Amino acid sequence: MRGVRAEDLTKLKAVSENIKPGDMVGFASGRGVLIGTRMADQLGLSVGDLITLTSPDGDITPMGVSPRVKSYKISGLFEIGMSEYDSSIIFMPLEEAQLYFNAEGLVQSIELFVDHPDDIDNLKPKVVEAAGRQINLTDWRQRNQTFFSALQVERNVMFMILTLIVLVAALNIISGLIMLVKDKGSDIAILRTMGASAGAIMRIFFMTGAAIGIVGTIGGVLLGVLVCVNIESVRQFFSRVSGTVLFNPQVYFLSQLPAEMDFSETMSIVVMALTLSFIATIFPALACLRARSGAGPALRIRNAASMKRNVVLKLTGVERHYGQGDTLLSILKGADFSMSKGEIVALVAPSGTGKSTLLHIAGLLEHPDGGEVNINGHACDGLSDEKRTAIRRSEIGFVYQFHHLLPEFSALENIMMPQLIAGLSRKEAGERAGQLLDYMRIGHRGSHRPGELSGGEQQRVAIARAVANAPTLLFADEPTGNLDPETASYVFDALEALVRQSGLAALIATHNHELARRMDRRVTISDGKIVDF
């Protein structure tokens, strides 16, 4: 029960402007009271009905204290939107309330309404000073401490839940990128052998994961703002769908669900989401570097007659061992080998003797366990990964049994790739790639993707890609192994012609003795050593 002067209640807009139905005429005349809509619903009352008030603090009689009972006419129903007011407050004219409680000329409390409730701590000293005496001062936070404490607990719990959701999303990014690394393992290897640095490969996956995180965060912020602006409509929609009352006013003391966006808190969540998404990309990016290398860089056509025959590759005492349980499997045991410019050497040996291992060591894709690898007069044993990558990018080309073309790109774009990695402009790389396709007699297939090419065409594109950066060395591991004899002969003719004209040195591993006899020299691996035959 609150006794209020009519002029003061009129200034209390939350009440005076939300009277429905009824009005303040009866209240202003001192004959009526105002009650909340929720109280009216609970008691089954409406405007014009009488409400009987009973107070135990009544008159003292010989028979004891008799309760004070009086009926008042309801002149209006108000709905503030807070259950505490709408279900438990009765506004009565101040003079009538003083009479009812035998407190003529007295008031028990004075309520102050301010424009900025959050600034209440700065106003308290001024109120005490204005009172001029000792007063008991309470604010809206103290009067609703239990409610706000519950809200604070819910807020903290919701933040923890939101953090876990973001963390799960970050783990999904990790799992998605890990699967992408597994799926693109051969493509990663191709890029590495083309001369793409470890940092460049990591940046690809970092940018992929970061793009997912950024797009997801932006989408989440936009959706959150949309929901925040229309939170009450959303609540009502789900209440209708579920058939239940979400955020029951009797529990939360609010008939409408309020929402206010705090810029600092929103930004902290955005920063947290972006940070987790960025961190989530680190492990997959590192994992991609463990993918085994597979096929890569290449060359521009040169005049072979103008080049001197000098050694471009020299292996001295090269050793390579692999652990196999408790035993040590020795593949290369002090192997020596050299090759000069313009020379085509056939490497003919049974499977499992170390042909691929030799090509990988000579191509700087693997480190030998012992010995020296010398390319163009430069020792490569103690070089960093960055320097070894630079040598592969400019001096070495790879062709493998399977073409290993990037399936998302056309034939022309596959040949351009190592040139772009080397820093050439897209225009120059495109022109050179077109010349190589024409030389390989598949210029008309430049716009086709690998899946649209025949096996022979795919391998010729792989050869063109291998020589696109003008290397001095070409390593080919069974380049015709997956082709029929006729196509294999045609592809080898194209490879031989390109090697002869460009003047590079080529080491070709093959099981085809007929093709091997067409090369300048034949070597094999016997007991871990390289021997001519």
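One structure accompanies this document, and this report is about it. Chains are numbered independently. Their residues run from 1 in the order of the written sequence. Two thresholds apply to this predicted model, a pLDDT of at least 70 for residue-level local features and 80 or more for giving and counting side-chain atom pairs, whereas whole-chain, interface and lining totals are computed over all residues. To obtain the side-chain values, all non-hydrogen atoms of the structure were included, while hydrogens and water were left out.

### Overview of helix α18 (residues 411-422)
- Exposed residues in this analysis have more than 50% of their type's maximum accessible area, buried residues have under 20%, and partly exposed residues fall in between, with area computed by a 1.4 Å probe over protein chains only. Note on conventions: DSSP H or I runs of at least 4 residues are helices, E runs of at least 2 residues are strands, and numbering of each starts at the N terminus. Three or more residues of α18 are buried, namely Ala-411, Asn-414, Ile-415, Met-416, Met-417, Pro-418 and Gln-419.
- Residue Gly-423 follows α18 closely and has a positive phi angle near 105°.

### Quick notes on the packing of α18 against helix α19 (residues 426-439)
- Contact geometry for α18 and α19: axes closest at 8 Å, N-to-C directions at 130°. Judged on the interaxial angle alone, α19 and α18 are oblique. At the point where α18 passes α19, the crossing takes the right-handed sense. Taking contact as the criterion, the partners of Leu-412, Glu-413, Ile-415, Met-416, Gln-419 and Leu-420 in α18 are, on α19, Arg-426, Glu-428, Ala-429, Gly-430, Arg-432, Ala-433, Gly-434, Leu-436 and Leu-437.
- The residue inventory of the contact of α18 with α19, partitioned by class, reads 8 nonpolar, 3 polar and 4 charged. As a rule, the C-alpha atoms of each element are fitted with a line to give its axis, helices using only the stretch in contact, and angles between N-to-C directions run from 0 to 180 degrees. The cut-offs work like this: below 35 degrees is roughly parallel, past 145 is roughly antiparallel, 65 to 115 is roughly perpendicular, and the gaps in between are oblique. Left-handed describes a crossing whose near helix is turned anticlockwise from the far helix through less than a right angle; right-handed describes the clockwise counterpart. Between two residues, a contact is recorded if the distance between any of their heavy atoms is within 4.5 Å. Gly is placed with the polar residues, together with every amino acid not listed as nonpolar (Ala, Val, Leu, Ile, Met, Phe, Trp, Tyr, Cys and Pro) or charged (Asp, Glu, Lys and Arg).

### Focus on the nonpolar core
- Only buried residues count toward a nonpolar core. Its members are Ala, Val, Leu, Ile, Met, Phe, Trp, Tyr and Cys residues joined through side-chain atoms within 4.5 Å. Counting residues in hydrophobic clusters, the biggest one holds 38 residues, and the most contacted among them are Ile-415, Val-461, Leu-474 and Ile-508.
- Elements supplying a minimum of two residues to this core: β9 (344-347), α18, α19, α20 (455-466), β13 (473-477), α21 (485-502), β14 (505-509) and α22 (513-517).
- Counting residues per element, this core draws most heavily on α21, which supplies 7 residues.
- The residues touching Ile-415, leaving out its near neighbours within four places in the chain, are Ala-433, Leu-436, Leu-437, Val-461, Ala-464, Arg-465 and Ala-468.
- Counting 33 residues, the second-largest nonpolar core is a separate cluster that includes Met-339, Leu-365, Val-373 and Val-523.

### Regarding the sheet that holds strand β16 (residues 529-532)
- Any two strands with at least two DSSP-identified bridges between them are counted as paired. If you trace the 6 strands from one edge of the open sheet to the other, you get β12-β13-β14-β9-β15-β16, paired in mixed fashion. The strands lining the two open edges of the sheet, one partner per strand, are β12 (396-400) and β16. Here the strands of the sheet are splayed against their neighbours by 20° on average, with no regard to which way each runs.
- Pairing analysis gives 4 bridges linking β9 to β14, with the strands arranged parallel.

### Quick notes on the side chain of Thr-217
- Along the chain, the position of Thr-217 falls in helix α11 (residues 198-229).
- Each residue touching Thr-217, except ones within four places of it in the same chain, is listed here: Val-270, Ala-273 and Leu-274.

### Observations regarding the layout of surface pockets
- Buriedness of a pocket was judged along seven lines, with at least five required to meet protein on both sides within 12 Å; pockets are open sets of points on a 1 Å grid over the protein atoms alone, cavities are sets where a 1.4 Å probe fits but cannot get out, and lining residues have an atom within 4 Å of a point. Grid points are joined across faces, edges and corners, and a volume is the space filled by probe spheres set on the points. By volume, the second largest pocket amounts to about 830 Å³.
- For the lining of the second largest pocket, the secondary structure elements donating two or more residues are β1 (2-4), α1 (6-11) and α6 (94-100).
- Broken down by class, the residue content of the lining of the second largest pocket amounts to 13 nonpolar, 4 polar and 5 charged.

### Quick notes on helix α17 (residues 385-395)
- Of all the residues in α17, the buried ones are Arg-388, Thr-389, Ile-391 and Arg-392. All buried residues of α17 project into a common sector of 160° when viewed along the axis, lining one side. Of the exposed residues in α17, the ones pointing more than 90 degrees away from its buried face are Glu-386 and Lys-387. The arc in question is the one traced by the directions running from the helix axis out to the C-beta atoms.

### With respect to the pattern of salt bridges
- Salt bridges are defined as contacts in which a side-chain nitrogen from Lys or Arg sits within 4 Å of a carboxyl oxygen from Asp or Glu. As enumerated under the stated definition, the model contains 18 salt bridges in all.
- Its salt-bridge partner being Glu-232, residue Arg-235 comes within 2.7 Å of it at the nearest N-O pair. Highlighted residues: Arg-235 and Glu-232, both in helix α12 (residues 231-242), separated by 3 residues, approximately one helical turn. For the residue pair Arg-235 and Glu-232, the accessibility class agrees, reading buried in each case.
- Here the residues in one salt-bridge network are Asp-493, Glu-496, Arg-500, Arg-518 and Asp-520, joined through shared partners.

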